[in-house]
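Coordinate analysis (summary)
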Amino acid sequence: QLQLVESGGGLVQGGGSLRLSCVASTFSDVIIGWFRQTPGKDREFVASIDLRFGSTVYADSVKGRFTISRDNAKNTVYLQMNSLKPEDTAVYYCAARGRASASYPYWGQGTQVTVSS
């Protein structure tokens, strides 16, 4: 059973930066994604990274501001968030899926990011 633990959330002023971490219990041949959710809205895809090839995908809303990366030695995926906006406020989750899977069956508990204006 793959387990994921997020950390790094907090309160930051608009224009500031935060780095989220997602530690996986196993670092195998999977895709790790970051998602976010605000009350009353559907969970939104933010970014993903292929742990084997390092290829990345970003939502248009975060391109140029957020960077997803991995550290295989630490079983950790990072989400570096720069130029944060109040609309980035959400609970951020990391999730994992197999390369052939369309859905993410494994989820972390989430970490709150709040951006003040």
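Notes on the structure in this doc start here. (Residues numbered from 1 in each chain as written. Predicted model: local features only at pLDDT ≥ 70, side-chain atom pairs only at ≥ 80, totals over all residues. Heavy atoms only, no water.)

With respect to the overall build of the chain
Note the threshold: Numbered from the N terminus, helices here are DSSP runs of H or I no shorter than four residues, and strands are runs of E no shorter than two. Put simply, the radius of gyration uses C-alpha atoms, and a globule should come to 2.2 Å times the residue count raised to 0.38.
Of regular secondary structure, the chain possesses 0 helices and 11 strands. Secondary structure of the chain in N-to-C order comes out as β-β-β-β-β-β-β-β-β-β-β. Against the compact-globule benchmark of 13 Å for 117 residues, the chain has a radius of gyration of 13 Å, which places it among compact chains. In terms of principal-axis extent, the alpha carbons of the chain reach across some 40 × 30 × 25 Å.

A few points about the pairing of strand 11 (residues 111-116)
In summary, the side chains of a regular strand alternate between the two faces of the sheet. Under the convention used in this document: Here the term buried applies to any residue with accessible area under 20% of the maximum for its type, exposed to any over 50%, and partly exposed to those in between, with areas from a 1.4 Å probe on protein chains only. At least two bridges found by DSSP between two strands are what make those strands a pair.
The alternating pattern of strand 11 places Thr111, Val113 and Val115 on a buried face, while none of Gln112, Thr114 and Ser116, on the opposite face, is buried. Two elements, strand 2 (residues 10-13) and strand 11, share 4 bridges in a ladder whose sense is parallel. Paired with Val12 across the two strands is Val115, which belongs to strand 11. Pairing geometry for strand 9 (residues 90-98) and strand 11, over 3 bridges, is antiparallel. Among the inter-strand pairings, Val91 is bridged to a residue of strand 11, identified as Gln112.

What about the environment of Gln80?
Put simply, the rule is: Throughout, a residue-residue contact means that at least one pair of heavy atoms, one from each residue, lies within 4.5 Å. Identification of polar contacts relies on pairs of N or O atoms within 3.5 Å, with a donor-acceptor requirement for protein atoms, meaning one able to donate a hydrogen and the other able to accept it, and with residues adjacent in sequence counted only if both atoms are side-chain atoms.
By the element assignment, Gln80 lies in strand 8 (residues 76-81). With a relative accessible area of 27%, Gln80 lands in the partly exposed category. For the pair Gln80 and Gln1, spaced 79 residues apart in sequence, the C-alpha separation works out to 27 Å. Those residues within four positions of Gln80 in sequence are excluded, and the remaining contacts are Ser17, Leu18, Arg19, Arg65, Phe66 and Thr67. A polar contact is formed between the side chain of Gln80 and the side chain of Asn82, at a distance of 2.9 Å.

Quick word on the side chain of Arg97
In plain terms, the rule: The charge count includes Lys and Arg as positive and Asp and Glu as negative, but it does not include His or the ends of the chains. Salt bridges are identified by distance alone: a Lys or Arg side-chain nitrogen within 4 Å of an Asp or Glu carboxyl oxygen.
Among the secondary structure elements, Arg97 is positioned in strand 9. We note that Arg97 is buried and unpaired, the nearest opposite charge coming from Asp50 at a distance of 7.6 Å. Setting aside its immediate chain neighbours within four residues, Arg97 contacts Val30, Ile31, Ala102, Ser103, Tyr104 and Pro105.

Concerning unusual backbone geometry
In this structure, Asn75 takes a positive phi of about 50° despite not being glycine. With respect to the secondary-structure elements, Asn75 resides in the loop between strand 7 (66-71) and strand 8. A positive phi is found at Ser83, a non-glycine position, where the angle reads about 50°. Checked against the element boundaries, Ser83 lands in the loop between strand 8 and strand 9.

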